[in-house]
Amino acid sequence: MNTLPGRRTRVLAATTVTAGLMLVAACTSTDDGGSGSKTAAGGVELAKAGRLTTCTHLPYPPFQSEIDGKVQGFDVSLIDLVAKDLGVKQAILDTPFENFKTGAFLNSGECDLAAAGMTITDERKKNVDFSDPYFEATQAVLVDKGAGVTSLADVKSKDVKLGAQAQTTGEDYAKKQGFDPVSFESSDAVLNGLRTGQVKAVIIDFPVVQGWLKDKANADAYKVVDNLNTGEQYGFTVKKGNTKLVAAINKALADAKADGTYKKLYEKWIGPYDESAASPSAAASAS
């Protein structure tokens, strides 16, 4: 995703798993004022004392977005579980998406981890370490019902303008298929591109489309014509070599799957529970 000129990062701090997250400041100091330890349970070293600081890029519903002034979503709830195990609160830093590929904010110590509905790829593994996969993702082709197309092949043969979210695997897939997609900075911008007629079709992660189509106006105007199984899996990322935090994340994910918490959160944020989403292969990755 590209970032808008002059865009400021935002810091958001967690309250509880169920209450979500609230906006607390436009910037933050380098620590918590000198009180507390930066070493959490299990010997995990934190960027800020008393906080598990998460880099994300808003909005990306249903994984993370502001709802009624609070940042909430599937990713947010899962990382809240990690923070709880570590005995701290989660804080969220809204940042440009391109830093997730390079691990810049992790390397600079501004964030402990990144959670942004991010696909595990070999390219990204060069710069960051991934947790175990926590979600199986597919790409959806959503079109304006008035466009007269019934598949991605149809979009291409009829030269229908296609959009995608910048710097994402959806955009990469479109380019590999020979498209020159219109790039949008965020998922909200992708949807707005459809609404304003800038594009008549988009490729984006299917869970995002599911969220859009819950709105009757969207469901009346748009339809899914293809669901592309690209073998994508989402993972959380940490600075390379941060094995203790990776272990803490993986333990929280495993516990949540074992005790039913993962299923409850999946049904709350994603929709009907998909058993395969709870047990992806840790070795698989998308190209």
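Before any of the text, the structure's been laid out above.
Residues numbered from 1 in each chain as written. Predicted model: local features only at pLDDT ≥ 70, side-chain atom pairs only at ≥ 80, totals over all residues. Heavy atoms only, no water.

J.: Give a description of the pairing of strand S3 (residues 51–56) that names residues and reports values.
T.: Looking along a regular strand, one sees side chains alternate from face to face of the sheet. Of all 6 residues in S3, 5 are buried, a share of seventy percent or more. Where S3 and strand S6 (residues 89–94) come together, 6 bridges link them in parallel fashion. When the bridges of S6 are listed, threonine 56 appears paired with aspartate 94. For S3 and strand S7 (residues 113–114), the ladder comprises 2 bridges, and the chain directions are parallel. By the bridge assignment, cysteine 55 is partnered in S7 with alanine 114. (Buried < 20%, exposed > 50% of the residue type's maximum accessible area, 1.4 Å probe, protein only. Helix = DSSP H or I, 4+ residues; strand = E, 2+ residues; numbered from the N terminus. Pairing = 2+ DSSP bridges.)

J.: Could you give an account of the packing of aromatic side chains, with specific residues and numbers?
T.: Taken as a whole, this structure holds 14 aromatic pairs when the rule is applied. Note on tyrosine 60 and phenylalanine 63: the rings are 5.9 Å apart at their centroids and 25° apart in plane angle, and the pair reads as stacked. By relative accessible area, phenylalanine 63 is classed as buried at 0%. Between the aromatic rings of tyrosine 134 and tyrosine 234, the centroid separation amounts to 6.2 Å while the plane-to-plane angle is 55°, which identifies the pairing as tilted. Linking tyrosine 134 in the loop between strand S8 (128–130) and strand S9 (135–144) with tyrosine 234 in strand S13 (residues 222–234), this pair joins segments that are 100 residues apart in sequence. In terms of burial, tyrosine 134 and tyrosine 234 fall into one category: buried. Directly above the aromatic system of phenylalanine 179 lies the positively charged group of lysine 156, at a separation of 5.8 Å from the ring centroid. (Phe/Tyr/Trp six-rings, centres within 6.5 Å; stacked < 30°, edge-to-face > 60°. Lys NZ or Arg CZ within 6 Å of the ring centre and 35° of its normal.)

J.: Go over the state of the cysteines, please, and point to the residues and values.
T.: The tally for this structure, following the rule as stated, stands at 1 disulfide. Between the sulfur of cysteine 55 and that of cysteine 111 lies a disulfide, 2.1 Å long from S to S. Disulfide cysteine 55-cysteine 111: the torsion about the S-S bond is 70°, which places it as right-handed. Residue cysteine 55 is found in strand S3, and its partner cysteine 111 is found in the loop between helix H3 (104–107) and S7; the two are separated by 56 residues along the sequence. On the accessibility criterion, cysteine 55 (1% relative accessible area) is buried. Residue cysteine 111 is classed as buried on the basis of its relative accessible area of 4%. (Disulfide = S-S within 2.5 Å.)

J.: Could you give me a rundown of the nonpolar core, with the residues and numbers involved?
T.: Residues Leu52, Phe74, Leu78, Leu86, Phe135 and Trp212 are the most contacted members of the largest nonpolar core, which totals 47 residues. Of all the secondary structure elements, the ones that give two or more residues to this core are helix H1 (74–86), S9, helix H7 (187–195), strand S12 (201–205), helix H8 (206–212), S13, helix H10 (243–259) and helix H11 (261–269). Setting aside residues no more than four positions away along its own chain, tryptophan 212 makes contact with Leu142, Ser187, Val190, Leu191, Val202, Ile204 and Asn218. (Core = buried A, V, L, I, M, F, W, Y, C linked by side-chain atoms within 4.5 Å. Contact = heavy atoms within 4.5 Å.)

J.: Describe the sheet that holds strand S11 (residues 182–184), naming the residues involved and giving the relevant values.
T.: Across the sheet, 5 strands lie side by side as S11-S10-S12-S9-S13; this open sheet has mixed pairing. Pairing within the sheet leaves two strands with one partner each, and these edge strands are S11 and S13. For this sheet, the mean angle separating the axes of adjacent strands, direction not counted, is 25°. Inspection of the sheet shows strand S10 (residues 162–165) paired to S12 by 3 bridges, in the parallel sense. Its bridge partner lying in S12, alanine 164 is registered against isoleucine 203. Helix H6 (residues 169–176) contacts S9, S10, S11, S12 and S13 of the sheet and is inclined by roughly 145° relative to S10. (Axes fitted to C-alpha atoms, helices over the stretch in contact; angles between N-to-C directions.)

J.: Go over the pattern of salt bridges with me, naming the residues and quoting the values.
T.: Applying the stated criterion to the full structure yields 6 salt bridges. The partner of lysine 200 in a salt bridge is aspartate 144, with the nearest N and O atoms 3.9 Å apart. Separated by 56 residues along the polypeptide, lysine 200 in the loop between H7 and S12 and aspartate 144 in strand S9 bring together distant segments of the chain. Relative accessible area serves as the criterion here: at 18%, aspartate 144 is assigned to the buried category. A salt bridge links lysine 216 to aspartate 220, with the nearest nitrogen and oxygen atoms 2.8 Å apart. Remark: aspartate 220 and lysine 216 occur in helix H9 (residues 216–221); sequence separation between them is 4 residues, near one turn of the helix. On the basis of relative accessible area, aspartate 220 is assigned to the partly exposed category, the value being 47%. (Salt bridge = Lys/Arg side-chain N within 4 Å of Asp/Glu carboxyl O.)

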